[in-house]
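Coordinate analysis (summary)
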Amino acid sequence: EEEEEAKLQNGGFLPVPAGGVPEGTALEEPLRSCRLRSEAERHGGAPAALPPAPLGFTDVNLNSRNTYEVSRRRSAPEHLPHGRTAPATPALPLQEPAERARHRVGIVSAGSSFAEFFTRNFFTKRTKELKPAGQSAPGWKLFGKVPPRENLPKDSKIIQQEYEARTGRMYKPAAPSARRKNIEFEPLSTTALILEDRPANLPAKSVEEALRHRQEYDEMVAEAKKREIKEAHKRKKIMRERFKQEENIASAMVIWVNEILPNWEGMRATRRVRELWWQGLPPSVRGKVWSLAVGNELNITPELYEIFLSRAKERWKSFSETSSENDIEDAVASVADREASLELIKLDISRTFPSLYIFQKGGPYHDLLHSVLGAYTCYRPDVGYVQGMSFIAAVLILNLEEADAFIAFANLLNKPCQLAFFRVDHSMMLKYFAAFEVFFEENLPKLFLHFKSYSLTPDIYLIDWIFTLYSKSLPLDLACRVWDVFCRDGEEFLFRTGLGILRLYEDILLQMDFIHIAQFLTKLPEDITSEKLFSCIAAIQMQNSNKKWAQVFASLMKDNKEVDKNHSPAPKN
């Protein structure tokens, strides 16, 4: 009964004898035993006999003796009855069987080996099982973790065969014309998304839905293939036309260099030369032909150009040193001193062909364009600089040398039509507009009435076209081809080109109102091609009641003179 009561108070175990065990004996004795045994085995002898260690359940920590002592003190009961000795082991609950306690820590007997006791594992470790080398890591999908795929990605045909084997139904397209045969490509990822089953956490596809998805996918692939084939044919057609055009230009260049240019005066008016001219001048001879066609009625020499250029530089220098911005604006507004419009050139040059970046400040042709325009402003102070001149000078600079560009520029602006527009001669401009409307009504009567219904007069769109000779409104290569025929036919072709543009976009313009027509004609579409435009220009007949452009314009000039004569005041006696 006393032993049972002692067990109950000591957690189910017998207490240490009343004499007590000196502190540290539970650890010193096993360690001393291990040390003596290891030394004896090293020297080939038997270990020295030690007094038997007391039985007990110890809480062992292998870090250090201090750690062991702290652990032993923490595991001891805090309040013990007087005369009792603290047990060497922590108390376990009464309801925990001794067998489970024995498995958790283990009971050390006096005759057991302490070396084995300290080297054993107190807690069992779960070792990771090595996976076979061929097995890969689990894969991931959008809706969760799935087992890894052991095989390579399946071909779309294999996926379709597996699908047909599961469903027991063969896929048949709705109609032979609904999809292309022999589709050359099928994106594997998209095919897998359509043909594979849904994840387990989503409702499965029905057979009808799977077949519908497959059919929709086939239609999408066929449509994409059709677009690619169409675009490929379009690119091939453009390349063939480009190669053909380059061959024609190369052969025409030989004719121009070897036959026409050496005999210019005798061959320029022949039918063969005019036909070659209509097809477009080769870029290598374009500048030379332009110079010969425009001529030099003003007898300007390169030396004269240098004189006016130096004068322009002096004016720029004086403006930069003495004039403020307000003084410059006042000078520009002054009609008496047109040379003051030199300062307008700086503002306009940066707006000339902005997409090319060659005439902007720092570009290779910026100073050259500035010099040509400045020299002309000093050469013709009665005209000065007018907005739009920069585009004409820039086109000439791209095809001619600096002095030759200035000579062609000055003679071109001396033509009656250009002089009337750049000097803003309103009476002459109105006569040109009236002549244009005569041929407009003759060639495009339906569009002419549509414009009349909105009171859309030619000055709204023709002024910009004539001032820049279409170099601002049309793509540069197409504008150069317009310039080719303009140098051949003169001012008549400028208005014929305007009628050709209206004919090209007649169907679109008939659907527009006043505002949209003005905006459209100011900024023409960029995809306009020379073939379409020149076919429309060729369809324009510049005859009215058997009268050509020059005769119609001359009759308008005559009528205007008679009107002015009738309205003039009678002379006084």
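Computed from a prediction, not measured in an experiment: that's the story for all the values here.

1. Considerations on the overall build of the chain
When you go through the chain residue by residue, the secondary structure sums to 27 helices and four strands. For the chain, the proportion of its 573 residues judged to be buried stands at 35%. Taking the intrachain contacts of the chain between residues at least 6 apart in sequence as the baseline, contacts between residues at least 24 apart amount to 70%.

2. Notes on a positive patch on the surface
On the surface, a cluster of positive charge is contributed by Lys-230, Lys-234, Lys-236, Lys-237, Arg-240 and Lys-532. The element best represented in the positive patch is helix α8 (residues 207-260), accounting for five residues. Inspection of the secondary structure puts Arg-240 in helix α8. In this structure Arg-240 comes out as exposed when scored by relative accessible area, which is 54%.

3. Regarding the packing of helix α23 (residues 491-504) against helix α26 (residues 530-539)
Packing of α23 against α26 brings their axes to within 8 Å, and their N-to-C directions diverge by 110°. In terms of orientation, α23 lies roughly perpendicular with respect to α26. Crossing angle aside, the handedness with which α23 passes α26 is right-handed. Contacts from Phe-493, Arg-496, Thr-497, Gly-500, Ile-501, Arg-503 and Leu-504 in α23 reach Lys-532, Leu-533, Phe-534, Cys-536, Ile-537, Ala-538 and Ala-539 in α26.

4. Examining the side chain of Gln-360
Within the secondary structure, Gln-360 sits in the loop between α14 (342-349) and α15 (366-379). Relative accessible area serves as the criterion here: at 15%, Gln-360 is assigned to the buried category. Apart from the residues within four sequence positions on either side, Gln-360 is in contact with Ile-349, Ser-350, Thr-352, Phe-353, Pro-354 and His-366.

5. Looking at the pattern of salt bridges
Taken as a whole, this structure holds 11 salt bridges when the rule is applied. In this structure, the salt-bridge partner of Asp-348 is Arg-351, at a minimum N-O distance of 3.2 Å. With its nearest N and O atoms 4.0 Å apart, the salt bridge here joins Lys-523 to Glu-526. For Lys-523, a relative accessible area of 58% translates into the label exposed. With a relative accessible area of 67%, Glu-526 lands in the exposed category. Sharing partners across several salt bridges, the network here consists of Arg-274, Arg-488 and Asp-489.

6. Things to note about the packing of helix α22 (residues 476-489) against α23
Contact geometry of α22 with α23 gives a least axis separation of 6 Å together with a crossing angle of 135°. By the angle class used here, α22 and α23 are oblique. Touching Val-482, Val-485, Phe-486 and Asp-489 of α22 are Glu-491, Glu-492, Phe-493, Leu-494 and Thr-497, all from α23. The class makeup of the residues in the contact of α22 with α23 is five nonpolar, one polar and three charged.

7. Notes on the nonpolar core
Generally speaking, a soluble globular protein has its nonpolar side chains buried in company with each other. Trp-256 and Leu-502 are the most contacted members of the largest nonpolar core, which has 110 residues in total. Those residues within four positions of Trp-256 in sequence are excluded, and the remaining contacts are Leu-261, Pro-262, Trp-264, Val-273, Leu-276, Trp-277, Leu-281, Pro-282, Val-285 and Val-289.

8. Some thoughts on the UniProt feature "coiled-coil region" (unreviewed entry) in the chain
In this structure's numbering, the residues bearing the UniProt feature "coiled-coil region" (unreviewed entry) are residues 207-242. Helix makes up 100% of residues 207-242 and strand makes up 0%, while its end C-alpha atoms are separated by 53 Å.

9. What to know about the packing of aromatic side chains
Considering all chains together, one arrives at 32 aromatic pairs under this definition. Ring geometry for Phe-421 against Phe-433: centres 5.9 Å apart, planes inclined by 75°, an arrangement best described as edge-to-face. Of the two residues, Phe-421 is situated in helix α18 (residues 416-422) and Phe-433 in helix α19 (residues 426-443); the sequence distance between them amounts to 12 residues. For the pair Phe-421 and Phe-433, a shared accessibility class is recorded, and that class is buried. Between Phe-436 and Phe-495, the ring centres sit 6.3 Å apart and the planes meet at 50°, which makes this aromatic pair tilted. Of this pair, Phe-436 sits in helix α19 while Phe-495 is found in helix α23, placing the two residues 59 residues apart along the sequence. Here Phe-436 and Phe-495 have matching classes, each one buried. One Lys or Arg, Arg-481, reaches over the ring of Phe-534 and ends 4.1 Å from the middle of that ring.

The rules behind each value
- Residues numbered from 1 in each chain as written.
- Predicted model: local features only at pLDDT ≥ 70, side-chain atom pairs only at ≥ 80, totals over all residues.
- Heavy atoms only, no water.
- Helix = DSSP H or I, 4+ residues; strand = E, 2+ residues; numbered from the N terminus.
- Buried < 20%, exposed > 50% of the residue type's maximum accessible area, 1.4 Å probe, protein only.
- Contact = heavy atoms within 4.5 Å.
- Patch = residues over 30% accessible without salt bridge, like charges linked within 9 Å, V, L, I, M, F, W, Y side chains within 5 Å.
- Areas by Shrake-Rupley, 256 points an atom, 1.4 Å probe, with all protein chains shown as cover.
- Salt bridge = Lys/Arg side-chain N within 4 Å of Asp/Glu carboxyl O.
- Lys, Arg positive; Asp, Glu negative; His and termini not counted.
- Charge placed at Lys NZ, Arg CZ, Asp CG, Glu CD.
- Axes fitted to C-alpha atoms, helices over the stretch in contact; angles between N-to-C directions.
- Parallel < 35°, antiparallel > 145°, perpendicular 65-115°, else oblique.
- Left-handed = near helix turned anticlockwise from the far one by under 90°.
- Nonpolar A, V, L, I, M, F, W, Y, C, P; charged D, E, K, R; others polar.
- Core = buried A, V, L, I, M, F, W, Y, C linked by side-chain atoms within 4.5 Å.
- UniProt positions renumbered as here; feature names shortened; annotations may be inferred.
- Phe/Tyr/Trp six-rings, centres within 6.5 Å; stacked < 30°, edge-to-face > 60°.
- Lys NZ or Arg CZ within 6 Å of the ring centre and 35° of its normal.

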